[in-house]
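# Residue-level structural notes
One letter stands for each residue in the lines below.
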Amino acid sequence: MIKVADRREMEDYLYIQCPNCDDLTEHDVLKGRMGKDNITGTFRCTECGRVFSDTVRIPEVLKIKVLFSDGDVTETTETELESNEVLVVGEEFYLDDGRWVCITHIETKDGKKGKKFEADEIKALWVKQFDVLSVKVSVNDGHKTYSVRTEAEPDDEFVIGTILAFDDFDALIHAIKTKDRILKRGSAEARDITRIYGKIRKKRYEVLDLEEDDDQDGFDFDQE
Ligand SMILES: [Zn+2]
């Protein structure tokens, strides 16, 4: 995160407007130079892959009220967010104190209802403890890559070089993308993983008609 001026350092990703997606998306900062209140650099959209150079304003850091609910008890705390960070109901993130939570409701300053807001529109976040994660897995069969998901607890460990078993095929894990880098060996805990990359090792059925879509929960197989 980019913090206030005296602690400011170059970030390796930013939420900025993508000219291709026409939306605020996460961008890798390929190279950049810090200005007083901006970064001039080259950025790559992690959604569509578009690379472009621009000067972008550095977002402000806001303190947002958080209502943490754990069964019967609701506790009030706060967390720091960048003003242009996008928060979505149903998504997970870390509070500043390290707790891993899921957003259940977003209260906005102007009373607007919805599921997706930038931090500077938010009055309070309602969250609950997150204990089961749905980890994205890209499985390559040599021709195409399919997006599937696997459920995991936050501290489940995924190891490169091992097999991840699905109902209808196995996938050999060859890379893991975490929030800050891509691992080619070693392991990572589910809570840190943004995507696992695997190669199909064995499948009993022809894989047909899979959507190449991140949001697919399941996937269909035509049997023989
Ligand atoms: Zn894009």
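All values derive from a computational prediction rather than experimental measurement.

### Section: the overall build of the protein
- For the protein, the count of helices and strands is zero helices and 19 strands.
- Within the protein, buried positions represent 15% of all 224 residues.
- For the protein, the share of sequence-separated contacts (at least 6 apart) that also reach a separation of at least 24 residues comes to 46%.

### Things to note about the pairing of strand E13 (residues 145-152)
- As defined by bridge partners, strand E12 (residues 133-140) adjoins E13 across eight bridges and the pair is classed as antiparallel. When the bridges of E13 are listed, Val-139 appears paired with Tyr-146.
- With antiparallel pairing between neighbouring strands as the criterion, E12 and E13 make up a hairpin whose turn holds four residues, including Gly-142 at a positive phi of roughly 100°.

### A look at the sheet that holds strand E3 (residues 38-45)
- Strand order in this open sheet of four strands is E1-E2-E3-E4, and the pairing throughout is antiparallel. Both edges of this open sheet fall to strand E1 (13-18) and strand E4 (51-57), since each of them pairs with a single strand only. Ignoring strand direction, the axes of neighbouring strands in this sheet form an average angle of 50°.
- The pairing of strand E2 (residues 23-34) with E3 spans seven bridges and is antiparallel.

### Re the sheet that holds strand E11 (residues 122-129)
- Read from one edge to the other, the open sheet built from five strands follows the order E6-E5-E11-E9-E8, with strand pairing classed as mixed. Looking at the sheet topology across the chains shown, the edges are occupied by strand E6 (73-82) and strand E8 (92-94). Neighbouring strand axes in the sheet, compared pairwise and without regard to direction, differ in orientation by 45° on average.
- Note that strand E5 (residues 61-70) and E11 share five bridges and pair parallel. When the sheet's bridge partners are listed, Lys-65 is paired in E11 with Ala-124.

### Details of the pairing of strand E16 (residues 169-178)
- Inspection of the sheet shows strand E15 (residues 163-165) paired to E16 by three bridges, in the antiparallel sense. Counted as the bridge partner of Leu-164 is Ala-171 from E16.
- As consecutive antiparallel partners, E15 and E16 are separated by three residues.
- Between E16 and strand E17 (residues 182-183), which follow one another and run antiparallel, lie three residues.

### Brief notes about the confidence of the model for the protein
- Confidence in the prediction of the protein, expressed as mean pLDDT, is 84, and 86% of residues score 70 or more.
- Summarising per-element confidence for the protein, the mean pLDDT is lowest in E8 (82) and highest in strand E14 (residues 157-159) (96).
- pLDDT under 50 marks residues 215-224. Its contacts with residues more than four places away, or in other chains, come to 15 contacts.

### Structural notes on the nonpolar core
- Counting residues in hydrophobic clusters, the biggest one holds 12 residues: Val-137, Val-139, Tyr-146, Val-148, Phe-158, Phe-169, Ala-171, Ile-176, Ala-188, Ile-193, Ile-196 and Tyr-197.
- Elements represented by at least two residues in this core include exactly E12, E13, E16 and strand E19 (193-203).
- Each residue touching Phe-158, except ones within four places of it in the same chain, is listed here: Ile-173, Ile-176, Ser-187, Ala-188, Ala-190, Ile-193 and Ile-196.

### Thoughts on unusual backbone geometry
- Its identity is not glycine, yet Asp-22 carries a phi of approximately 55°, on the positive side.
- By the secondary structure assignment, Asp-22 is in the loop between E1 and E2.

### So, the environment of His-174
- Within the secondary structure layout, His-174 lies in strand E16.
- Residue classification places His-174 among the partly exposed positions, given that 14 C-beta atoms sit within 10 Å.
- Residues His-174 and Thr-162 lie 12 residues apart in sequence; the distance between their C-alpha atoms is 8.2 Å.
- Ignoring any residue separated from it by four or fewer positions in sequence, one finds His-174 in contact with Ile-160, Tyr-197, Gly-198 and Lys-199.

### Describing the environment of Leu-81
- By the secondary structure assignment, Leu-81 is in strand E6.
- Measuring from C-alpha to C-alpha, the distance between Leu-81 and Leu-95 comes to 9.5 Å, with 14 residues separating the pair along the chain.
- In this view, Leu-81 contacts Leu-62, Ile-64 and Ala-119; residues no more than four positions away in its chain are not counted.

What counts and how
Residues numbered from 1 in each chain as written. Predicted model: local features only at pLDDT ≥ 70, side-chain atom pairs only at ≥ 80, totals over all residues. Helix = DSSP H or I, 4+ residues; strand = E, 2+ residues; numbered from the N terminus. Buried ≥ 20, exposed ≤ 12 C-beta atoms within 10 Å, placed from the backbone. Contact = placed C-beta atoms within 7 Å. Pairing = 2+ DSSP bridges. Axes fitted to C-alpha atoms, helices over the stretch in contact; angles between N-to-C directions. pLDDT = per-residue confidence, 0-100. Core = buried A, V, L, I, M, F, W, Y, C linked by C-beta atoms within 7 Å.

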